[in-house]
Amino acid sequence: MKRILVLAAGVAMFASSSALAADAVEYVPEAPVAVEMPAAFSWSGPYIGVHGGYGWGDGDVAGLGDGSFDGGRFGGFVGYNWQMSNGFVAGLEGDVNYDWNDDEIAAGIDGETGFSGGIRGRVGYAMDRTLIYAAGGWTATNFEVNGGGAAVDGDDTLHGWTLGAGVDHAFTDNMFGRLEYRYNDYGSGDIGGADVDFDQHVVQVGIGVKF
């Protein structure tokens, strides 16, 4: 009788362990679901855009007088950025603009500037889609005097330097807006033997496309 009880207990234990083993084999844990993280935004690459704004200019023609050359402006820009892993951004940008401004320098003698342009280096810091930057380099504009007769009628291209700062903000992966201040010192030139000096403060907004 004891042998029969021992044998029955052994069979029961064997059956129980076999069932547990089968359950263990049948249970396979699910693989974790991969979560795809969005790619970090980068300012690196070429870009192009247009801008417009207002300029406040001061011009002086030696021996004749000076004037305030204030007016609107419109232009375009193109450039390239390199963004470092620490968020710093370096770039190079060129622009071409037209200023609508003129003023009377002396009785019957007017002065005005028109086309201008420049090439600037840029350095900044990117906070994801917002880039704060400073920029500086070479700039030039055409200054014209007319109404004073052959002695002073004429124009000259003035070359100088530009310095400014601004903010670019990316609305999408490819489109960004811009707010910028610039100071342009166009140096001096010569028109009909008279020295000409011109400098300008500009505030402008723009929109660009990044490739």
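Our structure's up above, just so we're on the same page.
What you are looking at is a predicted structure, and each value in this text was computed from that prediction instead of being measured.

**Student:** Let's hear about the overall build of the protein: which residues, and what values?
**Tutor:** If you tally the helices and strands in the protein, you get 1 helix and 8 strands. Counting across all 211 residues of the protein, residues that qualify as buried make up 34%. For the protein, contacts bridging at least 24 residues in sequence account for 61% of all contacts bridging at least 6.

**Student:** Break down the packing of aromatic side chains for me, with residues and values.
**Tutor:** One pass over the structure, following the stated rule, counts 15 aromatic pairs. Ring centres 5.8 Å apart and planes at 85° place the aromatic pair Phe69 and Phe198 in the edge-to-face group. Of this pair, Phe69 sits in strand 2 (residues 65-83) while Phe198 sits in strand 8 (residues 194-210), placing them 129 residues apart in sequence. We classify Phe69 as buried; its relative accessible area is 0%. One aromatic cluster is present, built from ring pairs that chain together Phe41, Trp43, Tyr47, Phe77 and Phe176. Taking the ring centre of Tyr133 as reference, the NZ or CZ of Arg122 above it sits at 4.3 Å. Just above the ring of Phe77 sits the side chain of Arg178; from NZ or CZ to the centre is 4.3 Å.

**Student:** An account of the sheet that holds strand 5 (residues 130-146) is requested, with residue identities and associated values reported.
**Tutor:** Ordered in space as 1-2-3-4-5-6-7-8, the 8 strands form a closed barrel in which the pairing is antiparallel. The mean angle between the axes of side-by-side strands here comes to 20°, regardless of whether they run parallel or antiparallel. Relative to strand 5, strand 4 (residues 109-127) runs antiparallel, the two sharing 16 bridges. In the strand pairing of strand 5, Gly121 is matched with Gly136.

**Student:** An account of the pattern of salt bridges is requested, with residue identities and associated values reported.
**Tutor:** Following the criterion strictly, the structure yields 9 salt bridges and no others. Between Glu93 and Arg122 there is a salt bridge, and its shortest N-O distance comes to 4.0 Å. Of this pair, Glu93 sits in strand 3 (residues 88-106) while Arg122 sits in strand 4, placing them 29 residues apart in sequence. When its relative accessible area of 2% is taken as the criterion, Glu93 is described as buried. The shortest N-O distance in the salt bridge between Arg178 and Asp168 comes to 2.9 Å. Placement of the pair is Arg178 in strand 7 (residues 175-191) and Asp168 in strand 6 (residues 154-170), with a sequence separation of 10 residues. For the pair formed by Arg178 and Asp168, the shared burial category is buried. Three or more residues joined by partner-sharing salt bridges are found here, namely Glu93, Arg120, Arg122, Asp168, Arg178 and Glu180.

**Student:** Which residues make up the pairing of strand 7, and what values do they have?
**Tutor:** As paired strands, strand 6 and strand 7 are joined by 10 bridges and run antiparallel to one another. Bridging from a neighbouring strand, Leu163 pairs with Tyr183 of strand 7. Once strand 6 ends, the chain turns through 4 residues before running back antiparallel as strand 7. Summarising the sheet, strand 7 and strand 8 pair through 15 bridges and their orientation is antiparallel. Across the sheet, the residue bridging to Arg182 is Val202, located in strand 8.

**Student:** How would you summarise a nonpolar patch on the surface if you had to cite specific residues and measurements?
**Tutor:** Together, Tyr80, Trp82, Met84, Phe88, Leu92, Ile119, Tyr125, Met127, Ile132, Trp138 and Val167 give the surface a local cluster of nonpolar side chains, amounting to about 1,100 Å² of exposed area. Mapped by element, the contributors of at least two residues to the nonpolar patch are strand 2, strand 3, strand 4 and strand 5. Of all the elements, strand 4 adds the most residues to the nonpolar patch, at 3 residues. Note on placement: Ile119 falls in strand 4. Assessed through its relative accessible area of 49%, Ile119 is described here as partly exposed.

**Student:** I'd like a description of the side chain of Glu180, backed by residues and values.
**Tutor:** Along the chain, Glu180 turns up in strand 7. When its relative accessible area of 3% is taken as the criterion, Glu180 is described as buried. Here Tyr133 takes part through its side chain, which lies 2.9 Å from a polar atom of the side chain of Glu180. One polar contact links Glu180 to Gln204, side chain to side chain, over a distance of 2.8 Å. For Glu180, the residues in contact, after removing those within four places along its chain, are Arg120, Tyr133, Ala165, Gly166, Val202, Val203 and Gln204.

Scoring rules and cut-offs
- Residues numbered from 1 in each chain as written.
- Predicted model: local features only at pLDDT ≥ 70, side-chain atom pairs only at ≥ 80, totals over all residues.
- Heavy atoms only, no water.
- Helix = DSSP H or I, 4+ residues; strand = E, 2+ residues; numbered from the N terminus.
- Buried < 20%, exposed > 50% of the residue type's maximum accessible area, 1.4 Å probe, protein only.
- Contact = heavy atoms within 4.5 Å.
- Phe/Tyr/Trp six-rings, centres within 6.5 Å; stacked < 30°, edge-to-face > 60°.
- Lys NZ or Arg CZ within 6 Å of the ring centre and 35° of its normal.
- Pairing = 2+ DSSP bridges.
- Axes fitted to C-alpha atoms, helices over the stretch in contact; angles between N-to-C directions.
- Salt bridge = Lys/Arg side-chain N within 4 Å of Asp/Glu carboxyl O.
- Patch = residues over 30% accessible without salt bridge, like charges linked within 9 Å, V, L, I, M, F, W, Y side chains within 5 Å.
- Areas by Shrake-Rupley, 256 points an atom, 1.4 Å probe, with all protein chains shown as cover.
- Polar contact = N/O pair within 3.5 Å; in protein donor to acceptor, adjacent residues only side chain to side chain.

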